[in-house]
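One letter stands for each residue in the lines below.
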Amino acid sequence: MSEAKRRTVLCPLAEIADGCSKGFALGAGAAQRELFVVRSNGRLYAYENSCPHTDGPLDWTPDQFLTVERDFIQCATHGALFRIETGECLDGPCLGQWLRAVRVVLEDGVVVLDD
Ligand code: FES
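Keep in mind it's a predicted model, so treat the numbers as computed, not measured.

**Student:** Please give an account of the overall build of the protein that cites residues and values.
**Tutor:** Counting its secondary structure elements, the protein contains 0 helices and 9 strands. Counting from the amino terminus, helix and strand elements in the protein follow one another as β-β-β-β-β-β-β-β-β. On C-alpha atoms alone, the protein measures out to a radius of gyration of 14 Å, which is about the 13 Å that the 2.2 N^0.38 rule sets for 115 residues. Of all 115 residues assigned to the protein, the portion counted as buried reaches 38%. The contacts of the protein with a sequence gap of at least 6 include a subset with a gap of at least 24, amounting to 43%. As displayed, the protein offers around 6,700 Å² of accessible surface, 49% of which is attributable to carbon and sulfur atoms. Each charge sign in the protein was given a centre, from 11 positive and 17 negative side chains, and these centres are 5 Å apart.

Structure follows, in C-alpha coordinates:
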(Lines give C-alpha, C1' and ligand atoms only; values in the text may rest on other atoms or scores of the structure.)
Protein backbone atom coordinates (compact mmCIF):
# COMPACT_ATOMS: atom_id res chain seq x y z
CA MET A 1 0.00 0.00 0.00
CA SER A 2 1.40 3.39 -0.94
CA GLU A 3 1.43 6.34 1.43
CA ALA A 4 -1.07 9.09 0.59
CA LYS A 5 0.51 12.25 -0.78
CA ARG A 6 -0.28 15.68 0.62
CA ARG A 7 -1.14 18.33 -1.90
CA THR A 8 -1.32 21.91 -0.77
CA VAL A 9 -2.01 24.90 -3.00
CA LEU A 10 0.73 27.50 -2.43
CA CYS A 11 -0.01 30.38 -4.82
CA PRO A 12 -0.64 31.34 -8.44
CA LEU A 13 2.58 31.14 -10.47
CA ALA A 14 2.11 34.83 -11.32
CA GLU A 15 2.96 35.68 -7.69
CA ILE A 16 6.55 34.47 -8.22
CA ALA A 17 8.26 36.40 -10.99
CA ASP A 18 11.18 34.74 -12.73
CA GLY A 19 14.35 35.37 -10.73
CA CYS A 20 12.38 35.81 -7.50
CA SER A 21 11.41 33.74 -4.47
CA LYS A 22 8.48 33.43 -2.11
CA GLY A 23 8.19 31.98 1.38
CA PHE A 24 5.30 30.02 2.84
CA ALA A 25 4.31 29.07 6.38
CA LEU A 26 1.97 26.10 6.47
CA GLY A 27 0.05 24.95 9.50
CA ALA A 28 0.32 26.49 12.95
CA GLY A 29 2.02 26.08 16.29
CA ALA A 30 4.45 23.20 16.72
CA ALA A 31 3.22 21.71 13.44
CA GLN A 32 4.09 24.81 11.42
CA ARG A 33 6.26 24.17 8.42
CA GLU A 34 8.16 26.85 6.52
CA LEU A 35 9.35 26.49 2.96
CA PHE A 36 10.16 28.65 -0.02
CA VAL A 37 9.94 28.48 -3.78
CA VAL A 38 12.40 29.97 -6.26
CA ARG A 39 11.47 30.57 -9.89
CA SER A 40 14.62 30.62 -11.97
CA ASN A 41 14.95 30.43 -15.74
CA GLY A 42 11.35 29.32 -15.99
CA ARG A 43 11.68 26.44 -13.51
CA LEU A 44 10.52 26.06 -9.93
CA TYR A 45 12.69 24.87 -7.03
CA ALA A 46 11.48 24.49 -3.47
CA TYR A 47 13.18 23.88 -0.14
CA GLU A 48 12.45 23.84 3.55
CA ASN A 49 13.25 27.27 5.03
CA SER A 50 15.94 25.87 7.30
CA CYS A 51 19.66 26.47 6.99
CA PRO A 52 21.78 23.32 7.52
CA HIS A 53 24.16 25.39 9.65
CA THR A 54 21.77 26.19 12.54
CA ASP A 55 18.33 25.08 11.31
CA GLY A 56 17.34 28.76 11.41
CA PRO A 57 15.37 30.48 8.64
CA LEU A 58 17.23 31.63 5.53
CA ASP A 59 15.35 34.80 4.63
CA TRP A 60 16.43 38.22 5.83
CA THR A 61 13.10 39.77 4.99
CA PRO A 62 9.89 38.15 3.79
CA ASP A 63 10.25 36.42 0.41
CA GLN A 64 13.94 37.38 0.04
CA PHE A 65 16.00 34.20 -0.28
CA LEU A 66 18.34 35.15 -3.13
CA THR A 67 21.50 37.17 -3.56
CA VAL A 68 21.19 40.66 -5.06
CA GLU A 69 22.32 39.18 -8.38
CA ARG A 70 19.64 36.45 -7.97
CA ASP A 71 22.15 33.77 -8.86
CA PHE A 72 22.25 31.90 -5.53
CA ILE A 73 20.12 31.27 -2.47
CA GLN A 74 21.75 33.08 0.45
CA CYS A 75 21.25 32.55 4.17
CA ALA A 76 20.64 35.85 5.95
CA THR A 77 22.33 34.80 9.18
CA HIS A 78 25.90 33.95 8.17
CA GLY A 79 25.77 34.33 4.40
CA ALA A 80 26.02 30.74 3.19
CA LEU A 81 25.44 30.41 -0.56
CA PHE A 82 23.40 27.57 -2.05
CA ARG A 83 22.96 26.49 -5.65
CA ILE A 84 19.37 27.29 -6.68
CA GLU A 85 18.98 24.14 -8.75
CA THR A 86 20.17 21.64 -6.14
CA GLY A 87 20.30 23.31 -2.71
CA GLU A 88 23.98 22.43 -2.30
CA CYS A 89 25.96 24.84 -0.12
CA LEU A 90 28.86 26.18 -2.18
CA ASP A 91 30.26 28.67 0.33
CA GLY A 92 29.85 29.36 4.04
CA PRO A 93 29.83 27.50 7.34
CA CYS A 94 27.74 24.60 6.00
CA LEU A 95 29.87 24.04 2.89
CA GLY A 96 28.97 20.73 1.27
CA GLN A 97 25.66 20.37 3.08
CA TRP A 98 22.29 20.63 1.40
CA LEU A 99 18.98 22.37 1.80
CA ARG A 100 16.09 19.93 2.14
CA ALA A 101 14.22 19.91 -1.16
CA VAL A 102 10.46 19.68 -1.34
CA ARG A 103 8.49 18.77 -4.43
CA VAL A 104 6.25 21.34 -6.05
CA VAL A 105 4.30 21.03 -9.28
CA LEU A 106 2.53 23.50 -11.51
CA GLU A 107 -1.15 22.75 -12.07
CA ASP A 108 -3.23 25.08 -14.24
CA GLY A 109 -1.02 28.05 -13.38
CA VAL A 110 -0.97 27.30 -9.66
CA VAL A 111 2.05 26.20 -7.62
CA VAL A 112 1.17 23.12 -5.56
CA LEU A 113 3.19 21.40 -2.84
CA ASP A 114 3.22 17.71 -3.71
CA ASP A 115 4.75 15.67 -0.95
S1 FES B 1 22.56 30.02 9.87
FE2 FES B 1 22.77 29.93 7.71
S3 FES B 1 24.87 30.24 7.39
FE4 FES B 1 24.68 30.22 9.56
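Next comes the rest of the account.
**Student:** Lay out the sheet that holds strand 9 (residues 110-114) in plain terms, naming residues and giving numbers.
**Tutor:** Spatially, the 3 strands line up as an open sheet ordered 1-9-8, and their pairing is antiparallel. The open sheet has two free edges, formed respectively by strand 1 (7-12) and strand 8 (104-107), since each of these has just one partner strand. Averaged over all neighbouring strand pairs, the angle between strand axes comes to 30°, with direction disregarded.

**Student:** Mind laying out the nonpolar core, listing which residues take part and the relevant values?
**Tutor:** Counting residues in hydrophobic clusters, the biggest one holds 16 residues, and the most contacted among them are Phe36, Leu58, Ile73, Phe82 and Leu99. Of all the elements in the fold, those that place two or more residues in this core are strand 3 (33-40) and strand 4 (43-48). Discounting residues that sit within four places of it in the chain, Leu58 has contacts with Phe36, Glu48, Asn49, Ser50, Cys51, Phe65, Gln74, Cys75, Ala76, Phe82 and Leu99. Cys11, Leu26, Val37 and Leu113 belong to the second largest nonpolar core, which has 13 residues in total.

**Student:** Describe the sheet that holds strand 5 (residues 73-74), and please don't skip the residues or the numbers.
**Tutor:** In a beta sheet, neighbouring strands are held together by backbone hydrogen bonds and run either parallel or antiparallel to one another. In spatial order, the strands read 5-6-7; together these 3 strands make up an open sheet with antiparallel pairing. The strands lining the two open edges of the sheet, one partner per strand, are strand 5 and strand 7 (89-91). Pairing of strand 5 with strand 6 (residues 81-82), which is carried by 2 bridges, proceeds in the antiparallel orientation. Opposite Ile73, over in strand 6, you have Phe82 as the bridge partner.

**Student:** Tell me about unusual backbone geometry, and please be specific about residues and values.
**Tutor:** Its identity is not glycine, yet Asn41 carries a phi of approximately 50°, on the positive side. Within the fold, Asn41 resides in the loop between strand 3 and strand 4. Within the chain, Asp63 stands out as a residue other than glycine whose phi angle is a positive 70°. Structurally, the position occupied by Asp63 is in the loop between strand 4 and strand 5. A relative accessible area of 26% means that Asp63 is categorised as partly exposed.

Thresholds, definitions, all that
Residues numbered from 1 in each chain as written. Predicted model: local features only at pLDDT ≥ 70, side-chain atom pairs only at ≥ 80, totals over all residues. Heavy atoms only, no water. Helix = DSSP H or I, 4+ residues; strand = E, 2+ residues; numbered from the N terminus. Rg over C-alpha atoms; globule rule 2.2 N^0.38 Å. Buried < 20%, exposed > 50% of the residue type's maximum accessible area, 1.4 Å probe, protein only. Contact = heavy atoms within 4.5 Å. Areas by Shrake-Rupley, 256 points an atom, 1.4 Å probe, with all protein chains shown as cover. Lys, Arg positive; Asp, Glu negative; His and termini not counted. Charge placed at Lys NZ, Arg CZ, Asp CG, Glu CD. Pairing = 2+ DSSP bridges. Axes fitted to C-alpha atoms, helices over the stretch in contact; angles between N-to-C directions. Core = buried A, V, L, I, M, F, W, Y, C linked by side-chain atoms within 4.5 Å.

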